[in-house]
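# A closer look at the structure
Listed here are the chains, written in short residue letters.
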There are 2 protein chains.
Amino acid sequence: MFDRLCIIGVGLIGGSIARAVRLNGLSQTIVGFGRPEDLHNLQTAKQLGVIDEYYLDLAEAVKNVDCVVIATPVASIKAIFTLLQPLWSAQTIYTDVGSTKGSVLVAAEQVFGEIPPNLVPAHPIAGAEQSGVEASLDDLFVGKRLIITPTNNTSPQALQAIKTLWEKLGSLVSVMDAKHHDGVLAATSHLPHLLAFALVDMLGRKDEQNEIFKYAAGGFRDFTRIASSDPTMWLDICLANRDELIPLIEELKTELGVIQNILQNQNGQQLFQTFTYAKNARQRFLDQFEN
Amino acid sequence: MFDRLCIIGVGLIGGSIARAVRLNGLSQTIVGFGRPEDLHNLQTAKQLGVIDEYYLDLAEAVKNVDCVVIATPVASIKAIFTLLQPLWSAQTIYTDVGSTKGSVLVAAEQVFGEIPPNLVPAHPIAGAEQSGVEASLDDLFVGKRLIITPTNNTSPQALQAIKTLWEKLGSLVSVMDAKHHDGVLAATSHLPHLLAFALVDMLGRKDEQNEIFKYAAGGFRDFTRIASSDPTMWLDICLANRDELIPLIEELKTELGVIQNILQNQNGQQLFQTFTYAKNARQRFLDQFEN
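### Overview of the packing of helix H4 (residues 77-84) of chain A against helix H5 (residues 102-112) of chain A
Helix packing geometry: the angle between the two helix axes and the distance between the axes. Residue and element names in this part refer to chain A. Where H4 contacts H5, the axes come no closer than 9 Å and their chain directions differ by 30°. With respect to H5, the element H4 is oriented roughly parallel. The handedness of the crossing between H4 and H5 is right-handed. Across the interface between the two elements, Ile77, Lys78, Phe81 and Thr82 of H4 pack against Val104, Ala107, Ala108, Gln110, Val111 and Phe112 of H5. Taken together, the residues of the contact of H4 with H5 break down into 7 nonpolar, 2 polar and 1 charged.

So this is what it looks like as structure tokens:
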């Protein structure tokens, strides 16, 4: 599919893309790029056979490549675009894997003046609690959802190429606009993580914190697991998607206020309806997941 | 340890107690009691060898027993006390497994005038998403926390007997007052479950619900699992412990308001601190769990 593919940021996601590209024979050569402080990680990636070559100089890294995959945290994407801008080639397809897509489009507009037609923003809904190239997997994206968020300016050929790439990596590809993506992900991923961080922070700071951890039952244990995700990554994501998140937090506060009133008034019937609806939602989720 | 032990309510918890009592040779005979509508369940429990005998008549069920374990939902405990009151024997030790303990003491006071010295309230912190005697396990309580909440009126002999019973079933036994138990459990179990129900209910009702389930990533999937717990049981628990839960919900709304402001002001440093504290709390939890 490609002669030469460059991955900017060879961590869990970038490394797993490289592994899957190799496994599926989609590029002859896979090149990694990182900052000087990423040297050790790039050396590891090469030793593991995840990449063939690496460069700390971006001009060398992207020379003659057919495809550039930006796999760095969302907060760094504007800086990457700025570095790429003088090297930008109409013969190359560019894509990213950022968890928020509106922020990527804003950054591209700021750097390039308009969204380049050969930039195809994408987001694989896959991840793990771990990070780093050592945690990368051949099959991280197999059977997982991947969302592509093109703009009106996106070249149909570039879009098709990125769609094909991800399908060959085993993903279930959907296409939607960036605003819609950010709204859906705020609800399904960003708000739950924020809530887990908030609850664990609140309870952990209480006086009886040792007891709370000692007697932690199912519920809280699951919350602490969600809250053990990488703080830097989630900080970036929550700030980048704050316009979607803030109204959802407001809605949740309202929902919690309703439940407070229900408890105060001991309105068992209404609480039962809420709980039952939520329980049934789980079954709908499982049905969806199996399809 | 006992000649004859009676379990009122032979479900997941009651059945698992019966299994563990038998496995550890703690009672010669294990008797089950249930309502007429529980007949099929009691027959199953006997066929599975979980209990030796069963009765739909409480007077017969508790005749000559050394110990009565009430393993029905918290909302039914007052009704069970009312049935037991005319049959109450000073030679028998009574205990329960309710998830909230203040409500059990209030019910006992209402029915008996004061807390009987031979009633020892207890709460095994163990459970599962499933329910019913078919889901009961020999080792459900092994290595799990169990909290006993005696009163000033509790007989030291009865307390010691229940402590020994649970230690022999493999539990890590703690003793504290009921108010303290209810506060700790509200934080570690009841609030997280309520929050999961609230979030899944709120998101599930949104227009894009099918998309939300389709693209559900790690965070939301975990919430739906927590929210798939038995609605009736959680309704009972949340209503019984509402005095502890309502102020915790208020605190959480405040915490969410603070996070909203942080996002609005893009105060990355403060959000990072919150997330980092929560991530570290997970490690404290794991350390605690391993000790």
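Back to the write-up after that little detour.
### Focus: the relation of the copies chain B and chain A
Once chain B has been moved 0.0 Å along the axis and rotated by 180°, it coincides with chain A to within an RMSD of 0.0 Å. Both copies of the chain, as the preceding transformation shows, are related through a two-fold rotation axis. Within chain B, the C-alpha atom positioned nearest to the axis of rotation is that of Lys253 of chain B, 2.8 Å from it. Most of the interface of chain B is mirrored in chain A, where 100% of its interface residues again form contacts.

### Concerning the side chain of Thr44 of chain A
Residue and element names in this part refer to chain A. Within the secondary structure, Thr44 sits in helix H2 (residues 39-47). The exposure class of Thr44 is buried, given its relative accessible area of 11%. In contact with Thr44, other than residues within four places in its own chain, are Val133 and Glu134.

### Remarks on the nonpolar core
Core analysis: the largest hydrophobic core is formed by 125 residues, its most contacted members being Phe81 and Leu263 of chain A together with Phe81 and Leu263 of chain B. Among residues more than four places away in sequence, those in contact with Leu263 of chain B are Leu194, Cys238, Leu239, Arg242, Leu245, Ile246 and Ile249 of chain A together with Leu271 of chain B. Judged by nonpolar contacts, the second largest core, of 38 residues, contains Leu12, Ile13, Val120 and Ala135 of chain A.

### Comments concerning the pattern of salt bridges
All names here are of chain A. Here the structure, examined in full by the defined rule, presents 17 salt bridges over all chains. One salt bridge connects Glu250 with Lys253, and the closest N-O pair in it is separated by 3.6 Å. In this pair, Glu250 and Lys253 are both assigned in helix H11 (residues 242-264), 3 residues apart and thus about one turn of the helix distant. Glu250 sits in the partly exposed class, given a relative accessible area of 38%. Salt bridges linked by common partners bring Arg35, Glu37 and Asp38 together as one network.

### Quick word on the interface of chain B and chain A
Taken together, the contacts link 84 residues of chain B with 84 residues of chain A. The contact between chain B and chain A buries some 8,600 Å² in all, and 71% of this surface belongs to carbon and sulfur atoms. Between the two partners, chain B and chain A, sit 10 residue pairs in polar contact (both at pLDDT 80 or more). Those elements that place two or more of their residues in the side of chain B that touches chain A are strand E7 (145-148), helix H7 (178-204), helix H8 (209-214), helix H9 (218-226), helix H10 (231-240), helix H11 (242-264) and helix H12 (268-290) of chain B. Top element by residues in the side of chain B that touches chain A is H7 of chain B. It accounts for 18 residues. Of the residues assigned to the side of chain B that touches chain A, the class counts are 45 nonpolar, 22 polar and 17 charged.

### Some details on the packing of aromatic side chains
In this structure the tally under the stated criterion is 11 aromatic pairs over all chains. Aromatic side chains Phe81 of chain A and Phe112 of chain A sit 5.6 Å apart centroid to centroid with 65° between the ring planes, which places their arrangement in the edge-to-face category. Taken as a pair, Phe81 of chain A in helix H4 and Phe112 of chain A in helix H5 lie far apart in primary sequence, 31 residues in all. Per residue, the accessibility class of Phe81 of chain A equals that of Phe112 of chain A, and both read buried. Taken together, the ring pairs in this structure connect Phe81, Trp88, Tyr94 and Phe112 of chain A into an aromatic cluster. Against the face of Tyr277 of chain A rests Arg205 of chain B, its NZ or CZ located 3.9 Å from the ring centre.

### Topic: the sheet that holds strand E8 (residues 172-175) of chain B
Strand pairing in a sheet relies on backbone hydrogen bonds, with the paired strands running either antiparallel or parallel. Residues and elements named next belong to chain B. Sheet architecture is open: 8 strands sit in the order E3-E2-E1-E4-E5-E6-E7-E8, paired in mixed fashion. Of all the strands in the sheet, just strand E3 (53-55) and E8 have a single pairing partner and so form its edges. The sheet shows a mean angle of 25° between the axes of neighbouring strands, direction not considered. Pairing of strand E1 (residues 2-8) with strand E4 (residues 67-70) involves 4 bridges; the strand directions are parallel. Counterpart to Cys6 in the pairing with E4 is Val68.

### Re the pairing of E4 of chain B
Residues and elements named next belong to chain B. Neither face of E4 is open: one carries Cys67 and Val69, the other Val68 and Ile70, and all of them are buried. Direction of pairing for E4 relative to strand E5 (residues 93-96): parallel, over a ladder of 4 bridges. Across the sheet, the residue bridging to Val68 is Tyr94, located in E5.

### Overview of the confidence of the model for chain A
In the predicted model, chain A carries a mean pLDDT of 91, and the fraction of residues at 70 or more is 95%. Here the prediction assigns the complex a pTM of 0.85, and the interface score ipTM is 0.84.

### Things to note about the side chain of Asn241 of chain A
Residue and element names in this part refer to chain A. Position of Asn241 relative to the elements: it lies in the loop between helix H10 (231-240) and H11. A polar side-chain atom of Asn241 sits 3.0 Å from the main-chain carbonyl oxygen of Asp182. Not counting chain neighbours up to four residues away, the residues in contact with Asn241 comprise Thr100, Asp182, Ala186 and His190.

### Some details on the environment of Ile13 of chain B
All names here are of chain B. Looking at where Ile13 falls in the secondary structure, it is placed in helix H1 (residues 12-23). Note: C-alpha distance between Ile13 and Ala71 (58 residues apart in sequence) is 6.5 Å. With residues near it in sequence (within four places) discarded, Ile13 still touches Val97, Pro124, Ala126, Leu140 and Phe141.

### A few points about the sheet that holds strand E1 (residues 2-8) of chain A
All names here are of chain A. Read from one edge to the other, the open sheet built from 8 strands follows the order E3-E2-E1-E4-E5-E6-E7-E8, with strand pairing classed as mixed. Looking at the sheet topology across the chains shown, the edges are occupied by strand E3 (53-55) and strand E8 (172-175). Between one strand axis and the next, the sheet turns by 25° as a mean value, whatever way the strands run. Each of E1, strand E4 (67-70), strand E5 (93-96), strand E6 (119-124), strand E7 (145-148) and E8 touches helix H6 (residues 156-168); the most contacted strand, E6, lies at about 25° to it.

Parameters and conventions
- Residues numbered from 1 in each chain as written.
- Chains lettered and ligands numbered in written order.
- Predicted model: local features only at pLDDT ≥ 70, side-chain atom pairs only at ≥ 80, totals over all residues.
- Heavy atoms only, no water.
- Axes fitted to C-alpha atoms, helices over the stretch in contact; angles between N-to-C directions.
- Helix = DSSP H or I, 4+ residues; strand = E, 2+ residues; numbered from the N terminus.
- Parallel < 35°, antiparallel > 145°, perpendicular 65-115°, else oblique.
- Left-handed = near helix turned anticlockwise from the far one by under 90°.
- Contact = heavy atoms within 4.5 Å.
- Nonpolar A, V, L, I, M, F, W, Y, C, P; charged D, E, K, R; others polar.
- Least-squares fit on C-alpha atoms with pLDDT ≥ 70 in both.
- Buried < 20%, exposed > 50% of the residue type's maximum accessible area, 1.4 Å probe, protein only.
- Core = buried A, V, L, I, M, F, W, Y, C linked by side-chain atoms within 4.5 Å.
- Salt bridge = Lys/Arg side-chain N within 4 Å of Asp/Glu carboxyl O.
- Buried area = accessible area lost by both parts, 1.4 Å probe.
- Polar contact = N/O pair within 3.5 Å; in protein donor to acceptor, adjacent residues only side chain to side chain.
- Phe/Tyr/Trp six-rings, centres within 6.5 Å; stacked < 30°, edge-to-face > 60°.
- Lys NZ or Arg CZ within 6 Å of the ring centre and 35° of its normal.
- Pairing = 2+ DSSP bridges.
- pLDDT = per-residue confidence, 0-100.

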